[in-house]
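Coordinate analysis (summary)
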Amino acid sequence: MIAYIVRRCLYAVPILVGVNVGVFILFFFVNTPDDMARARLGRRATPETLDEWKRERSLDLPYFYNAGWRRLGAVVAAEKEAAKSIDLPGPGDYRLVVETAQDVEAAKGRRIRIQAPREWPIAPGAGLDIGTENAASAALPERPGTVVHPFAISGTAKPGEAPLSIRVSLAVAAPAPTQRVVLEYRDSIGTPSRFTRTVFWQRSIRMLAFQFGKSDDGKEIWDEVLERIAPSLSITVPIFLVALFVEIFIAMIIAFYRGTYLDIWAVIVCVIAMSVSAMFYIIGGQAALGKWLRLFPISGFDDGVHSLKFILLPVLIGVVAGLGSSIRWYRTIFLEEINKDYIRTARAKGLPEGAVLFRHALKNAMIPILTGLVVSIPFLFVGSLLLESFLAIPGMGSFTIDAIQRQDFAIVQAMVSLGSFLYIVGLVLTDLSYTLVDPRVRLE
Amino acid sequence: MNPIGAWFAFKPVVLWSDALIFLLLLAGAVFLAAALRREHWRVAFRQIAANRLAMASFLVLCLYGASGFLDTLHFIRLGADGNEQGSIQSVLDVLAQPLVDRTEKTYSAPLAATQFSKETFLGPDGRDVHDFPRLQHGGSHLLDPAGADADIRSRLWRGGGYGLGIGLCFLVLCPLASLAFGRTIRGGAFWGAFLAALSIFAAEVLCLGGFFDALPAGTDPFLPGYHVLGTDKVGKDVLYMGLKSIRTGLVIGTLTTLIVTPFAILFGVLAGYFGGWVDDVIQYVYTTIASVPEILLISAAMLIVEVGIKSEETIRSADKRLLWLCVIMGITSWTGLCRLIRGEVLKLREVEFVQAADAFGVSRVRILMRHLVPNVMHIVLIKVVLRFSGLGLAEAGLSYGGIGVDPSMESWGNMINQSRLELARDPIVWWNLFAAFVFMFGLVLPANLFGDAVRDALDPRLRTR
């Protein structure tokens, strides 16, 4: 048994990894972090605020492998001539990266020139022309993201003797397109951080350990999740239990009266009930029970004992909204069981119909019912998105909806990861539950 | 200026979703033609046709479909100088021109002659009055808005009369037709009653909306009538919004499955037939996708896609977003179908006729195409039909969450979303919600009934929730 559980869990690992990689691709490859920052901050955002936004979320890191390039400063070519002195940390490898160029054509023919003090000789890489006075220059590529040929600075002068700074200048022919050239320095970082200081590690691997990071308003997502699980559960668990009981009970009554007008009309009512969008149940219930009859508060939530009056309305709505489809589903299952041989045997030995249904059919019908049920248990934690949002319950569902509406990518990504983790847990639980209710299922 | 010439000068516009709808219709026609040549499909179709409730549902679905199709034929008017004029329109817009033109200033209740909210305006005696102003179009033919009730009553009678007139023909003709064809007279009576009810309903709506009155008058460009379902916040006719939303709902219900069904069939058949590593890979992929809770995956993907959609002409970017929604919802719904097909092919692979084909040396591709794919098509059809209503309902929920269709696009989800704030008003503005409910219910209920009939006819053993 334990071996089976272990194997089942191991089987879940590649799926979990797959989901994580998939979510990573969805979030960081379909759009670049730049696009995300711009969508979040608006069109007017300056490059500096975009950088700031990305740095806060460690989205300025490389995706998979961090060679240790650290940003020292940038030259923006918008004016006739752009030049800037940038302080350097010391001798080592440097490179220049072109960041933005909206108009490729007009940016053609631009050159970049770097000049360092005499004490720090520049050893240019391939393609960087050496000039006089310890300077080097190169044509600037138009495409953003391209690395201008790297160069190294070697030196014998001790730090402090001469100020170690470099002058980076752009010769601008046409001022129009904004182009930013960033000077980067290669830090000597340890091998582990070459992998951990990447977007993939920070925003995907860490999700596996439930380290979700911070949301846009600066709160730890995990703390918020813990805070919101209780309100979600206080709604979803009663809905789950009450609905299960009510649905099975009604479905069995319908199965008991199968073939009669009661059965036909019950099915029709079920189809009608399931044709109504859940939103109408919520809005209708809110209006009828909360606004007109004033039985419950329309929305809101409270801690402790006071929460009871806030819980009743959502539970009622949640149960009613699911009745149609579930009753019909359970009815089919019961009818299928009822036509089996062992039921005929039970009847033949003179058992009353009620006993046949409740003692024999119900037990066997539990197997298909369980399939649907156990998988949905983990989702109790995720909460009901619409219900919570409409009724202003501070649970996980409204958390997610709010995050979507605020375009908080971090929260949405965290919820997707959490949701899929729970789903996989649910699948494992389903398999295990079979062994409990169905002696025919043997674990290999 | 020649109004007729200006009227007819237009250039057809095919949006991406339009093109896919045409493709879908073509595919449907090809499928139907192929299926009708085979006896076992004909048996199933006959069984569906014999189910009166299913066929009545189908008729309602067809009405929805016709409206959606008219809304799919987009064009742009050309001015006298041959340049494009105005924005992209659809044939439905032209047919519902009175509804488009009759916009008010703001909310008005269904069948009202006065505005919903009070306003200060210049009274007839030249002084400022603070009262409910008359609507520009709704009930504008009345001399006194107090006479609206009587007028509505007379219109109801008239509409009922027209409808009953047409309905009586159906009531008589249908049983007669069924007698003539040797069918049961009860079937004919059912159809007669159903069609009569439909025509009475349509006549009432048309009469209250003032559509009939246009014919004799002819001169007045604005028809005297009411806003049958009221007007919304910016004074648009809610009935028109509901009609426009039909296309959105249908596109989501149908294109979603069209886009992904080929992949589901392909991968399901491959996984089931070849087994081995192909099976492992495909199973892994769909289990992984299915592991992400549907709603979360859709939200995340829409959030991401939203970032990428560049602002264009509104109708085009809204259309693009609609398509993306279909693709994303399709990706999430693809897995269930794929799993079912794989299971079915696993069974089919061992059946004698496939084994025989294999023994005869028929190539694998040919076995797949001729023996396996046609034998899983019934599952595909069942799933597509049953999935339809769920997708329509899902759209409403997603649009509410802000991740559905574009807010500028007419959809039931957007109508519900809008009505949230309206419900908090006092007195309550209920007609937007009501209209969305009526239109959605009118689509989803027949879709469910028809779907059940299709399932029962094709595979009664296939249990679906």
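For the structure, see preceding data.
Here is what the cut-offs are and how they apply
- Residues numbered from 1 in each chain as written.
- Chains lettered and ligands numbered in written order.
- Predicted model: local features only at pLDDT ≥ 70, side-chain atom pairs only at ≥ 80, totals over all residues.
- Contact = placed C-beta atoms within 7 Å.
- Helix = DSSP H or I, 4+ residues; strand = E, 2+ residues; numbered from the N terminus.
- Nonpolar A, V, L, I, M, F, W, Y, C, P; charged D, E, K, R; others polar.
- Pairing = 2+ DSSP bridges.
- Axes fitted to C-alpha atoms, helices over the stretch in contact; angles between N-to-C directions.
- Buried ≥ 20, exposed ≤ 12 C-beta atoms within 10 Å, placed from the backbone.
- Core = buried A, V, L, I, M, F, W, Y, C linked by C-beta atoms within 7 Å.

Turning our eyes to something else, we now look at the interface of chain A and chain B. Interfaces are frequently sized by the accessible area removed from exposure as the parts join. Facing 43 residues of chain A, the contacting portion of chain B comprises 36 residues. Looking at which element gives the most residues to the side of chain A that touches chain B, the answer is helix 15 (residues 409–437) of chain A, with nine residues. Looking at the side of chain A that touches chain B residue by residue, the classes come out as 30 nonpolar, 12 polar and one charged.

Our focus in this paragraph is the sheet that holds strand 3 (residues 84–90) of chain B. Residues and elements named next belong to chain B. Pairing within the open sheet is antiparallel, and its three strands lie in the order 1-2-3. Single-partner strands in this sheet number two, and they are strand 1 (10–13) and strand 3. Pairs of neighbouring strands in the sheet enclose a mean axial angle of 25 degrees, with direction left out of account. Taken together, the four bridges between strand 1 and strand 2 (residues 74–78) define a ladder with antiparallel strand orientation. The partner of Pro12 across the bridge, within strand 2, is Phe75.

Because an α-helix completes one turn every 3.6 residues, residues spaced three or four positions apart along the sequence face the same direction. Within helix 14 (residues 396–406) of chain A, eight of the 11 residues are buried, which leaves it mostly tucked inside the rest of the structure. The set of residues buried in helix 14 of chain A consists of Met396, Gly397, Ser398, Phe399, Thr400, Ile401, Ala403 and Ile404 of chain A.

All names here are of chain A. The two faces of strand 4 (residues 111–115) differ: Ile112 and Ile114 on one face are buried, but Arg111, Arg113 and Gln115 on the other face are not. In terms of strand pairing, strand 4 meets strand 7 (residues 135–139) through five bridges, oriented antiparallel. Looking across to strand 7, one finds that Ile112 is bridged to Ala138.

In terms of nonpolar packing, the biggest core is built from 177 residues, with Ile282, Phe334 and Val412 of chain A together with Ile298, Ile341 and Ala436 of chain B touching the most fellow members. Of the residues forming this core, the biggest block, 18 residues, is contributed by helix 10 (residues 238–274) of chain B. In this structure, Ala436 of chain B is in contact with Trp412, Met415 and Ile416 of chain B, ignoring residues within four places of it in sequence. Counting 14 residues, the second largest nonpolar core, distinct from the first, contains Val75, Leu96, Ala116 and Ile122 of chain A.

This part is about the pairing of strand 2 of chain B. Remember that side chains alternate between the two faces of the sheet whenever the strand is regular. Here strand 2 of chain B runs beside strand 3 of chain B; their pairing, made up of four bridges, is antiparallel. Pairing of Phe75 of chain B across the sheet is with Gln89 of chain B, part of strand 3 of chain B.

What follows covers the environment of Ala35 of chain B. Mapped onto the secondary structure, Ala35 of chain B falls in helix 2 (residues 16–36). Put simply, Ala35 of chain B and Met377 of chain B are 342 residues apart on the chain and 9.7 Å apart in space, counted from C-alpha to C-alpha.

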